[in-house]
Amino acid sequence: LQFLPAFFDSLYQKKEIANPLHSSFFLTTAMALIALSRVFLGKMTDRVDKVKITRINFIFLSISVFLISLIQNPLSAVGIALFFGASYGLLYPVLNALVLMRSDIKDRGKVSGVLTMLFDTGFSAFAFINGMLVFHYGYKLMFSALAGLMVLGFFIFSFLERKKT
């Protein structure tokens, strides 16, 4: 998400869109949906299969990240942000709950800390890698690469889940 303002500016500067596009259309919508999905759907996730929810959110998040590269106007920014916010809003808490449920009660603090660290490290490390992708190949390839990485995460998660059963 840290690349959105620069991506939208580049679309306008390269004349790929007729009018400047403010990142607030996407960011405000996505952040609102992330918060709302956690508040209103959080309890529902207690009653459903967390593995299925995680898989579905991996898929939808991958699609929405790819779709970011196709944003052309405020309406498409808001529409894709709704899709992104709903999927991202549930992915982290459901994955966190799944990991904690499978952990010994005495280890849950450590496990939650490690999961949070891995998410934060991923965001930090990929900021540098994504910056290099943008510099050499452009934003659209960067969003495609991120979507591909999320698809890879889906397959790794699914593989590890299958090994458990």
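For the structure, see preceding data.
In this text, all values refer to a predicted model and were calculated from it rather than measured experimentally. (Residues numbered from 1 in each chain as written. Predicted model: local features only at pLDDT ≥ 70, side-chain atom pairs only at ≥ 80, totals over all residues. Heavy atoms only, no water.)

Caption draft 1: Geometry of helix α5 (residues 108-137). Taking 1.5 Å per residue as the helical rise, α5 with its 30 residues ought to reach 44 Å, and the 41 Å between its terminal C-alpha atoms agrees with that figure. At A127, α5 is bent by approximately 30°, the largest bend along its length. Looking at the buried side of α5, the elements it contacts are α4 (74-101) and α6 (139-164). Count one or two residues on from α5 and you reach G138, which has phi positive near 105°. (Helix = DSSP H or I, 4+ residues; strand = E, 2+ residues; numbered from the N terminus. Expected span 1.5 Å × (residues − 1). Bend = angle between axes of the 7 residues up to and from the residue. Contact = heavy atoms within 4.5 Å.)

Caption draft 2: Structural view of the nonpolar core. Counting residues in hydrophobic clusters, the biggest one holds 36 residues, and the most contacted among them are F7, F8, F26, I68, I71, F84 and F143. Broken down by secondary-structure element, the contributors of at least two residues to this core are α1 (4-13), α2 (24-41), α3 (50-68), α4, α5 and α6. If you tally residues by element for this core, the top one is α4, at nine residues. Not counting residues up to four positions away in its chain, the partners in contact with F7 are I68, S69, Y139, K140 and F143. (Core = buried A, V, L, I, M, F, W, Y, C linked by side-chain atoms within 4.5 Å. Buried < 20%, exposed > 50% of the residue type's maximum accessible area, 1.4 Å probe, protein only.)

Caption draft 3: Representation of the pattern of salt bridges. Applying the stated rule across the entire model yields four salt bridges. As a salt-bridge pair, K140 and E16 come within 3.4 Å of each other at their nearest N and O atoms. With K140 in helix α6 and E16 in the loop between α1 and α2, this pair connects stretches of sequence that are 124 residues apart. Here K106 makes a salt bridge to D107, at a shortest N to O gap of 3.6 Å. Judged by its relative accessible area of 65%, K106 is exposed. D107 gets classed as partly exposed once you look at its relative accessible area, which sits at 22%. Each member of the salt-bridge network shares a partner with another, and the members are K106, D107 and K110. (Salt bridge = Lys/Arg side-chain N within 4 Å of Asp/Glu carboxyl O.)

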